[in-house]
Structures are given as C-alpha cells and as structure tokens.
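Chain and residue survey
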Amino acid sequence: MKPIPYLYLIGLFLILALAGGCSKGGEDIPTPTPTPTPPVEKDYVTMTKDSLEATCQGGDIQISFTTNHDWTASSNQSWCTLATTSGEKGNVALKATLAENTAFEKRMATITLKAGTASQKVIITQEAAPKDKLELVTTSFTVTAEGKDIQIPFNTDVTWEA
C-alpha cells in the first residue's frame, strides 16, 4: 500500500499550485491619496510703527496697520481718544485725537489693536508743556489769627526766589 503517500504528495502539490496561481483578478486597485488640507492662515496685525511721538499741543495722529481679520482698538488713557474702535480686515489708517498736555512731564498712552487671536500695541508719547512755567499746586490757604508758617507747594522748571 505504498500508493497512499504518493496521493498525499500529489494532493499537496495541487493545493500549492492552485494557491500560488491565484491572482487578484484584474488590475491592482490604487491606494487613495488623502486630499491635502489647505494651511490655515494665522491671524496677524502688522504695524508700520510701534511707537509714535506727539507735541504737547495735542491734535490728531494716525496709526497705520494691516490685518487679515476684523479688528478692535482701545486706548488706556482718557486724553487719547480713537475715532473708531473696530473695523474690517485690510489696510487701516486709525485716527487718534490727543488732548493738549499742560503738565510738566511727558506722558504716554498705549493703543491696543486686536485681530482674531493676534494683538499689537502702539505707544504714543506726548511731550511735556513748554519750559519756563510756574504752577501753584494749592491756591488757597487758611491761617489762624495767631499766624503760623505755611508751605506753598508749586511746580516750576525755572530758577526762582521768594
């Protein structure tokens, strides 16, 4: 009964031949390429200047910037007011109106511009009032009949004597 092992070998050969001869039946199916996601443009505010100088007389000053998103603006000082506090994306010329500075020292205001997630600040420095001034801090004093020494507070930028 030796023919049985040969039958097993022939059967095994046929199975291997059939398994190796199978194909997908037609052309290969290409793997789909994912559609690329377009890059998301980051919000921005681009300033022409991040600081501006102004005279003590006050008046109008222009702040120029470009943005790719609708924007808002605010000032941190009451003496510096903005003509508008919001607008649409694009090239912008924002007008700020400065009150006269009558103080002895220069002063600063910060304008904050926001567009989407972007934010920028502009510092406006306004010069002090002209030199050679004398300013009384208090103009009225009460003295008893017995009299007393009083101090008269004042500000000046000139040499003085009493």
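Given the structure is predicted, the values throughout are model-derived calculations rather than measurements.

1. A word on the pattern of salt bridges
- Across all of its chains, the model carries one salt bridge by this definition.
- The residue Lys95 makes a salt bridge to Asp60 at a minimum N-O spacing of 3.8 Å. Taken as a pair, Lys95 in strand S7 (residues 90-98) and Asp60 in strand S3 (residues 59-67) lie far apart in primary sequence, 35 residues in all.
- Judged by its relative accessible area of 39%, Lys95 falls in the partly exposed class.

2. With respect to the packing of aromatic side chains
- One pass over the structure, following the stated rule, counts one aromatic pair.
- An angle of 90° between the planes, with centres 5.3 Å apart, marks the rings of Phe65 and Trp71 as edge-to-face.
- On the accessibility criterion, Phe65 (2% relative accessible area) is buried.
- For Trp71, a relative accessible area of 4% gives the class buried.
- In this structure, Arg107 packs its charged tip against the face of Trp79, placed 4.0 Å from the ring centre.

3. Examining a nonpolar patch on the surface
- Together, Leu136, Phe141, Val143, Ile150 and Ile152 make up an exposed nonpolar region whose accessible area comes to about 420 Å².
- Within the element layout of this structure, Ile150 appears in the loop between strand S10 (134-136) and strand S11 (154-156).

4. Focus on the side chain of Asn101
- Take Asn101: it is sitting in the loop between S7 and strand S8 (107-115).
- The exposure class of Asn101 is buried, given its relative accessible area of 1%.
- Within the structure, Asn101 has its side chain in polar contact with the backbone nitrogen of Ala103 (distance 3.0 Å).
- Looking at Asn101, its side chain comes within polar contact range of the main-chain oxygen of Glu105, at 3.2 Å.
- In contact with Asn101, not counting residues within four places along its chain, are Cys56, Lys106, Arg107, Gln126, Glu127, Ala128 and Ala129.

Analysis parameters
Residues numbered from 1 in each chain as written. Predicted model: local features only at pLDDT ≥ 70, side-chain atom pairs only at ≥ 80, totals over all residues. Heavy atoms only, no water. Salt bridge = Lys/Arg side-chain N within 4 Å of Asp/Glu carboxyl O. Helix = DSSP H or I, 4+ residues; strand = E, 2+ residues; numbered from the N terminus. Buried < 20%, exposed > 50% of the residue type's maximum accessible area, 1.4 Å probe, protein only. Phe/Tyr/Trp six-rings, centres within 6.5 Å; stacked < 30°, edge-to-face > 60°. Lys NZ or Arg CZ within 6 Å of the ring centre and 35° of its normal. Patch = residues over 30% accessible without salt bridge, like charges linked within 9 Å, V, L, I, M, F, W, Y side chains within 5 Å. Areas by Shrake-Rupley, 256 points an atom, 1.4 Å probe, with all protein chains shown as cover. Polar contact = N/O pair within 3.5 Å; in protein donor to acceptor, adjacent residues only side chain to side chain. Contact = heavy atoms within 4.5 Å.

Structural measurements only, silent on function.
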